[in-house]
Amino acid sequence: MSPSSFPPRDYSLDNVRFVLIFSVVFAHLLEVCAPIKGSWVIYKFIYSFHMPAFIFLFGYNVKYSPKKIVYRWCIPYVIFQGAYILFVKLILNANVTIQFTTPIWILWYILVCIYYQLLLPLFDIDDKKKQIISILCSFIISVLVGFDKNVGYHMSLSRFFVFQPWFLLGYYCKKNNLLRRLSLKPKRRFFIMFGSVAIIAIVFPFIGVIPKGLLYGSYPYSSCDGTFWMRGMASIMSFSMILFLCVGMRPYLSKKLFLVTSIGQNTWPIFLLHGFVIKAAPVHFPYLVDSPWRVILLSCTLVLLLGNKLFNKVVYYISFSWLEKYSEITVHRKTVR
């Protein structure tokens, strides 16, 4: 296929990723900063949608490839799990066990994405009724898993079930070209935007009563004072925000935007590296997170500094993702011989 025959890149999804990765960094900083008035409401609002939306986009773009699972996900998980363990032990002077079955902090996302990719052949179905049934069943399971006290942080099993509906929703949206079809007609798009904003406005006042532990997706209801209806309410917020960002705002985000699009295309180094700064800030640099303006400034700085091709290459090499190309070259040479 010639370069000219490739479909044009969908910049709207890159721009949405920018919004989401900034939300991730900003929310993590709110978590560690000195108490700021109203910060917990903002924090819970962000947590109600940012990871479901990220996993939705992951499902939307995923392709099954055993090599990619190994070189782009499994090996980086091992490398950064080890790096974060050493960081916590040596820099933060905290006791930590060297293990790879319970991800350190943000690394749960990598492990969960590995699971979803491994199971992708099971979910690769074309029958729309079966797709709908799969999504509905996964939503029911995501609610019911909160009643099981044995499913938690270990192996990120709780998060695997809680966030699976968003992965399937994204994957089936791509298979059926739903985002484009829903945003194609202005009237339909306006109705979706208006409806999603109305639902967000209705649900937002109740976000404050949802315990933050429930929004993490890693605790049973009994451990975080949560209920199944709270999880349902958070899911409604997630769904509404995804519709608003990916459908309602699609025409306004479809062009290449200065810095925004570029950062949206390089969210991986931001996600993997920002945790080192955020964990170190309250311990060694508390003045960086002692006011709202400094929190916003540090969020912008981290996103701008890490969200570029240079740091993408840094992560590419330190996580040994380059082994994928090396293995392809080796296989090619053996085939030629």
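Use the structure listed above.
Since we're looking at a predicted model, the values are computed, not measured.

Draft legend 1. The arrangement of helix H9 (residues 186-207) in detail. Here H9 is 22 residues long and its end C-alpha atoms lie 31 Å apart, about the 32 Å a rise of 1.5 Å per residue gives. The sharpest bend along H9 reaches about 25° and sits at alanine 201, with the proline proline 205 one to four residues further on. For H9, the full list of buried residues reads Arg189, Ile192, Met193, Ser196, Ile200, Val203 and Ile207. For H9, the elements touching its buried residues are helix H2 (39-47), helix H8 (178-184) and helix H12 (228-248).

Draft legend 2. Structural view of the pattern of salt bridges. Here the structure, examined in full by the defined rule, presents five salt bridges. A salt bridge links aspartate 14 to arginine 17, with the shortest nitrogen-to-oxygen separation between them at 3.0 Å. In this pair, aspartate 14 and arginine 17 are both assigned in helix H1 (residues 11-32), three residues apart and thus about one turn of the helix distant. When its relative accessible area of 1% is taken as the criterion, aspartate 14 is described as buried. In this structure arginine 17 comes out as buried when scored by relative accessible area, which is 15%. What you see here is one network of salt bridges that share partners, running through Asp124, Asp126 and Lys175.

Draft legend 3. Quick peek at the side chain of serine 138. Topologically, serine 138 is positioned in helix H6 (residues 128-144). Classification of serine 138 as buried rests on a relative accessible area of 2%. A distance of 2.7 Å separates the side chain of serine 138 from the backbone oxygen of isoleucine 135, its partner in a polar contact. Apart from residues no more than four positions distant in its own chain, serine 138 is found in contact with Phe161, Gln164, Pro165 and Leu168.

Draft legend 4. Quick look at unusual backbone geometry. If you check the backbone angles, asparagine 93 has positive phi at about 55° while not being a glycine. Structurally, the position occupied by asparagine 93 is in the loop between helix H4 (66-90) and helix H5 (108-123). Assessed through its relative accessible area of 63%, asparagine 93 is described here as exposed. Positive phi outside glycine occurs at serine 156, with the angle close to 55°.

The rules behind each value
- Residues numbered from 1 in each chain as written.
- Predicted model: local features only at pLDDT ≥ 70, side-chain atom pairs only at ≥ 80, totals over all residues.
- Heavy atoms only, no water.
- Helix = DSSP H or I, 4+ residues; strand = E, 2+ residues; numbered from the N terminus.
- Expected span 1.5 Å × (residues − 1).
- Bend = angle between axes of the 7 residues up to and from the residue.
- Buried < 20%, exposed > 50% of the residue type's maximum accessible area, 1.4 Å probe, protein only.
- Contact = heavy atoms within 4.5 Å.
- Salt bridge = Lys/Arg side-chain N within 4 Å of Asp/Glu carboxyl O.
- Polar contact = N/O pair within 3.5 Å; in protein donor to acceptor, adjacent residues only side chain to side chain.

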